[in-house]
Protein chains: 2
Amino acid sequence: MTTNNRASVLTSPKADFPRWYQDVLEKAELAENGPVRGTMVIRPYAYGLWERMQAEVDRRIKTTGAENVYLPLFIPQSYLEREAEHVEGFSPELAVVTHAGGKDLAEPVVVRPTSETLFGELMSKWIQSHRDLPMLLNQWANVVRWEMRPRLFLRTSEFLWQEGHTAHASREDANAYALRIHLEVYRDFLQDVLAIPVLVGVKSRRERFAGAINTMTCEAMMGDGKALQMATSHELGQNFAKAFDISFTSASGQLETCWTTSWGSSTRMLGGLIMAHGDEQGIRIPPRVAPVQIVVLAVKDDERTLTTAASLVSELTTAGVRARLDDRTTQGFGRRATEWELKGVPLRLEVGPRDLEQGEATIVRRDGGAKQTVKLAEINTTVLALLESMHTEMIETARQRLAERTVEAASVAEALEAAKTGFARIPWQRLGEEGEEALNREAVSVRCLQTREGTVPGDEDHDSELIAIVGRSY
Amino acid sequence: MTTNNRASVLTSPKADFPRWYQDVLEKAELAENGPVRGTMVIRPYAYGLWERMQAEVDRRIKTTGAENVYLPLFIPQSYLEREAEHVEGFSPELAVVTHAGGKDLAEPVVVRPTSETLFGELMSKWIQSHRDLPMLLNQWANVVRWEMRPRLFLRTSEFLWQEGHTAHASREDANAYALRIHLEVYRDFLQDVLAIPVLVGVKSRRERFAGAINTMTCEAMMGDGKALQMATSHELGQNFAKAFDISFTSASGQLETCWTTSWGSSTRMLGGLIMAHGDEQGIRIPPRVAPVQIVVLAVKDDERTLTTAASLVSELTTAGVRARLDDRTTQGFGRRATEWELKGVPLRLEVGPRDLEQGEATIVRRDGGAKQTVKLAEINTTVLALLESMHTEMIETARQRLAERTVEAASVAEALEAAKTGFARIPWQRLGEEGEEALNREAVSVRCLQTREGTVPGDEDHDSELIAIVGRSY
Ligand SMILES: [Zn+2]
Ligand SMILES: [Zn+2]
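This is a predicted model, so every value here is computed, not measured.

Cut-offs applied
- Residues numbered from 1 in each chain as written.
- Chains lettered and ligands numbered in written order.
- Predicted model: local features only at pLDDT ≥ 70, side-chain atom pairs only at ≥ 80, totals over all residues.
- Heavy atoms only, no water.
- Helix = DSSP H or I, 4+ residues; strand = E, 2+ residues; numbered from the N terminus.
- Buried < 20%, exposed > 50% of the residue type's maximum accessible area, 1.4 Å probe, protein only.
- Contact = heavy atoms within 4.5 Å.
- Polar contact = N/O pair within 3.5 Å; in protein donor to acceptor, adjacent residues only side chain to side chain.
- Least-squares fit on C-alpha atoms with pLDDT ≥ 70 in both.
- Axes fitted to C-alpha atoms, helices over the stretch in contact; angles between N-to-C directions.
- Parallel < 35°, antiparallel > 145°, perpendicular 65-115°, else oblique.
- Left-handed = near helix turned anticlockwise from the far one by under 90°.
- Nonpolar A, V, L, I, M, F, W, Y, C, P; charged D, E, K, R; others polar.
- Salt bridge = Lys/Arg side-chain N within 4 Å of Asp/Glu carboxyl O.
- Pairing = 2+ DSSP bridges.
- Phe/Tyr/Trp six-rings, centres within 6.5 Å; stacked < 30°, edge-to-face > 60°.
- Domains from an automatic or database assignment.
- Buried area = accessible area lost by both parts, 1.4 Å probe.

In this section: the environment of Ser 445 of chain B. Residues and elements named next belong to chain B. Of note, Ser 445 is situated in strand β22 (residues 445–450). Since its relative accessible area comes to 10%, Ser 445 is described here as buried. Along the sequence, Ser 445 and Arg 472 sit 27 residues apart, while their C-alpha atoms lie 6.2 Å from each other. With residues up to four places along the chain from it excluded, the contact list for Ser 445 reads Glu 207, Asn 440, Ile 469, Val 470, Gly 471 and Ser 473. A polar side-chain atom of Ser 445 sits 2.8 Å from a polar atom in the side chain of Arg 447.

Looking now at the environment of Tyr 186 of chain A. Residues and elements named next belong to chain A. Along the chain, the position of Tyr 186 falls in helix α6 (residues 171–192). Look at Tyr 186 and you get buried, because its relative accessible area is 1%. Residues in contact with Tyr 186, not counting those within four places in the same chain, are Gln 162, Ile 181, Cys 218, Ala 231, Thr 232, Ser 233, Trp 263, Gly 264 and Ser 265.

Time to look at the relation of the copies chain A and chain B. Of the two same-sequence chains, chain A is brought onto chain B (RMSD 0.0 Å, axial shift 0.0 Å) by a rotation of 180°. Overall, the copies show the geometry of a two-fold rotation axis. Distance from the rotation axis, computed per C-alpha, reaches its smallest value in chain A at Val 97 of chain A: 2.1 Å. An overlap of 100% is found between the interface residues of chain A and their copies at the interface of chain B, pointing to a shared contact surface.

All names here are of chain A. Orientation of helix α3 (residues 44–63) relative to helix α8 (residues 268–277), taken along the N-to-C sense of each, is 110°, at an axis distance of 10 Å. Considering the angle they form, α3 stands roughly perpendicular to α8. Once α3 is placed against α8, the crossing between them reads as right-handed. Packed against α3, whose contacting residues are Ala 46, Leu 49, Trp 50, Met 53 and Val 57, the element α8 presents Met 269, Leu 270 and Leu 273 at the interface. Of the residues belonging to the contact of α3 with α8, the class tally is 8 nonpolar, no polar and no charged.

All names here are of chain A. Under the criterion given, the structure shown has 56 salt bridges over all chains. The shortest N-O distance in the salt bridge between Arg 155 and Glu 147 comes to 3.8 Å. According to the relative accessible area criterion, Arg 155 is partly exposed, its value standing at 26%. With a relative accessible area of 18%, Glu 147 lands in the buried category. Through salt bridges that share partners, Glu 56, Arg 59, Arg 60 and Asp 188 make up one connected network.

A few words now on the pairing of strand β5 (residues 95–100) of chain A. Within β5 of chain A, 6 of the 6 residues are buried, which leaves it mostly tucked inside the rest of the structure. Summarising the sheet, β5 of chain A and strand β5 (residues 95–100) of chain B pair through 5 bridges and their orientation is antiparallel. Across the sheet, the residue bridging to Ala 100 of chain A is Ala 95 of chain B, located in β5 of chain B. Connecting the antiparallel pair β5 of chain A and strand β6 (residues 103–111) of chain A is a turn made up of 2 residues, with Gly 101 of chain A showing a positive phi of about 60°.

Residue and element names in this part refer to chain B. Note on placement: Gly 237 falls in the loop between β11 (227–235) and α7 (239–244). Along the sequence, Gly 237 and Tyr 45 sit 192 residues apart, while their C-alpha atoms lie 41 Å from each other. With sequence-adjacent residues up to four places away left out, Gly 237 is seen in contact with Ile 213, Cys 258, Trp 259 and Thr 260.

Our focus in this paragraph is unusual backbone geometry. A cis amide bond links Leu 133 of chain A to the next residue, Pro 134 of chain A, at an omega of -10°. Tracing the backbone shows Pro 134 of chain A in the loop between α5 (116–126) and β7 (135–144).

Here the focus is the sheet that holds strand β18 (residues 360–365) of chain A. Residues and elements named next belong to chain A. An order of β16-β15-β17-β18-β19 is seen for the 5 strands of this open sheet, with the pairing classed as mixed. The open sheet is flanked by β16 (323–326) and β19 (371–375), the only strands paired with a single partner. Neighbour-to-neighbour, the strand axes of this sheet turn through a mean angle of 25°, independent of strand direction. In terms of strand pairing, strand β15 (residues 294–298) meets β16 through 4 bridges, oriented parallel. Looking at the pairing, Ile 294 lines up with Ala 323 of β16. Across the sheet, helix α9 (residues 303–318) touches β15, β16 and β17 (347–351), and the angle it forms with β15 is around 165°.

Looking now at the sheet that holds strand β17 (residues 347–351) of chain B. The strands making up a sheet associate through hydrogen bonds between their backbones, and the pairing can be parallel or antiparallel. Residues and elements named next belong to chain B. Across the sheet, 5 strands lie side by side as β16-β15-β17-β18-β19; this open sheet has mixed pairing. Each having just a single partner strand, β16 (323–326) and β19 (371–375) make up the two edges of the open sheet. In this sheet, adjacent strand axes meet at a mean angle of 25° when their direction is disregarded. Against the sheet, helix α9 (residues 303–318) touches β15 (294–298), β16 and β17, its axis set at about 165° to β15. Along the sheet, helix α10 (residues 333–342) contacts β15, β16 and β17; its crossing angle with β15, the most-contacted strand, is approximately 175°.

In this section: the packing of aromatic side chains. Following the criterion strictly, the structure yields 12 aromatic pairs over all chains and no others. Look at Phe 74 of chain A and Trp 146 of chain B: their rings are 5.9 Å apart centre to centre, the planes differ by 45°, and that puts the pair in the tilted class. Of this pair, Phe 74 of chain A sits in strand β4 (residues 74–76) while Trp 146 of chain B sits in the loop between β7 (135–144) and β8 (158–168), each in a different chain. For the pair formed by Phe 74 of chain A and Trp 146 of chain B, the shared burial category is buried. Consider the rings of Phe 240 of chain B and Phe 244 of chain B, whose centres lie 4.8 Å apart with planes at 40°: the pair is tilted. Of this pair, Phe 240 of chain B and Phe 244 of chain B both sit in helix α7, 4 residues apart, roughly one helical turn. Phe 244 of chain B matches Phe 240 of chain B in its accessibility class, with the two residues each being buried.

It is worth spelling out the side chain of His 234 of chain B at this point. Residues and elements named next belong to chain B. Looking at where His 234 falls in the secondary structure, it is placed in strand β11. Judged by relative accessible area, His 234 falls into the buried class, the value being 8%. In this view, His 234 contacts Ala 178, Phe 209, Ala 212, Asn 214, Thr 215, Thr 260, Thr 261 and Ser 262; residues no more than four positions away in its chain are not counted.

Our next topic: the domain arrangement of chain A. For interface size, the figure often reported is the accessible area lost on association. Residues and elements named next belong to chain A. The domains assigned to chain A are domain 1 (17–277), domain 2 (294–387) and domain 3 (406–471). Centre-to-centre separation of domain 1 and domain 3, based on C-alpha positions: 26 Å. For the domain 1 and domain 3 pair, buried surface summed over both sides reaches about 1,600 Å², with 57% attributable to carbon and sulfur atoms. In terms of surface lost to domain 3, no three residues of domain 1 exceed Leu 199, Val 202 and Arg 206, which account for 31% of the buried area on that side. Taken together, domain 1 and domain 3 are joined by 3 salt bridges. The shortest N-O distance in the salt bridge between Arg 447 and Glu 219 comes to 2.9 Å. Run the count over domain 1 and domain 3 and you get 6 residue pairs in polar contact (both at pLDDT 80 or more). Counting only elements with at least two residues in the side of domain 1 that touches domain 3, the list comes to α6, β9 (199–202), β10 (214–221) and β11 (227–235). The biggest single contributor to the side of domain 1 that touches domain 3 is β10, with 5 residues. Residue composition of the side of domain 1 that touches domain 3, grouped by class: 9 nonpolar, 6 polar and 8 charged.

Below, the structure is given as structure tokens:
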């Protein structure tokens, strides 16, 4: 009954993936452009998603022992580039405040592109003794990097993110912590909450974060076969600590330099969620992160239907399900069903007078569209079981696509061919930095280096044993 | 045992309240100045407090039906002052970005001092029909108002806040909603979580928010008898909706103008929490908002003490108490006890070998310093009961101070005299707008107007029956 008007709503993702992406952002009321170029308005439905994502990431970060702080939006120009004579000398990604308090500022201030330098200054001050270590800090904030080719959630002049900065007494401790964030915070969240399978590994020297001695990354495949870097963790060695004089007195009284890490994830993950799971009908929200897990749709405007629908919502809510009532019976049923499909709510419970006579209702899964009749007496157990299996099936579907679209390549040419539709796996020794450069010329890059088992390489793994994952990326 | 070095730690609040405030911010590691004038670094302990405050306020906001959004940091200059020729023409509180993307911007952009104008533009677009009403939106974000005389938490160039903006079909609905936010979100949070008694009422015309037809406020008395405005809710009538063309088609097909409200609270409440409850020993955190409700302090470095202390922490945690272990036995016991007092943790459990032999430990209340011996077998019930009664006693203590320092005044002169140490209550008819002006010349203001019963005046209350609450303020 709803299929008739679906076709007109969305561009097909197979026909034009970028256009489909723009369409769903608008039609599902997720986000729109702000009035200043490159800025973004996150609408309630998408922000509700972000709040849940943030809470899940934050809980995992806190479990590792890190604490949140808030550092200022504004950074003195001198912190970022002490020698710059005029603001035009700055990196083009910076936004610079030159007027405030009703006059020209003696020293312009930069809107943070990251809070890295502030963390450096503060850690230098806050860390004195080995007893202050490890210092594990994180911040949730907006940052600004002026964007010439903005794309909502993926590249915007302002975005929301978390950035963690930690200082440790030894390289081993810093490495272990960065790895823990990589696996127990990011990978765990992306897979266990967002149902997105990720490839974990390290960046090649060319793709590594400036100043890092090691960058770990979670890479995911989107619906069009392109890669999206979902989150990264960096080991900064002692480079950063030396630049900011972050040192400590050891137990034996020696003055030593700290080993630091930094790691981040952003609203870009929202773009990843949309592009990893979306389909012809709209977005599909994995059940564990869905602000609304089931919508209870009153089909007709009769007393009993409305009462039953409302009581089902409260029954489900009591059982811990995030349920919402749709009793807008003045609007067509088909139109409302299409809207919830567009918004990707995992389950739709259709409650109508005919089914009610049998003590039943119809439950529709967003992932495959499968319908089943459910006894109202068993609604809670049925819904909880469906939500659980949907998570498993969504990540399984994404894993299958990843597997199907990943090709074993033996040469640069084969890797380039594979990157037209997905990823290539190629021995890093065979590719090498020259091969990597050749790929880059065709807008294909090394997404990460893994061991043959798909794990994160450590000191014990030789370059000759690593596999490069190669693809186009956002 | 800890009293000996206390005196040197803090300035007495009775001797010099502003200096005491600065001292506690530093010594309790709450906040410090950022490198750009007027900006603020919120350290982990204070940010943990803010997170809990934010969660409590947010939950109450959502209960009223509002949803969160995120709007851009940058606002086109033209939105704020369409006729301004040059950025110097702006209000001095604005920070203006003139350079970005590596060059001078054709149109400078302003860092949001509020998102009011953006909400206006968006609501105008998002609201079409009466079915879209009420539209209830809220945003948590940083805002910037350049500050010449900054004071951490109270007045900073950047601060964190929430701003709610709602649109309604009728004045009655807008009024009822603004009142609900005033009482069920702000008053409830301030009293039931922060244990700060607040005076609720409306602002005088002179103190009212520009453009509002009514401003409701929660006013609290600080430790020095001065007032702090903790949160406000505004009815904007149709003024704002007319300026931004926020209109809707009614059920009968008429085009009508919306009635809007706005309401906000900020990190200023953190300053209020410190100044309302702090004492000679430091800050005192009300138990319901405390990130750490009880610290379990291992007195000595012996096996049994450490094991018992750790297991008490997990026992308390399981019982839902936010407990933390202090096993830094290499540092003096007195010094650690003083530190926790400074940080205002509600309860301190001192665990030492001698008490343990009796199956006991000593529990110390931060509010009055009272000590009691507690049987370890009864630890959970004792702690839960103490936390509950501490909340009640803290708000009661604050209520007594408010009562003691509030004087019934019959003239401007009497009100001025009372404002030296606290508040005055004076019939609004007797004071009048002329009297208000006279107070203002002495830096005393009307904090709010109430009914004789202390409630928020409504349409049915005549001016002649209102009481003005008068005082100095932050
Ligand atoms: Zn100028
Ligand atoms: Zn210039």
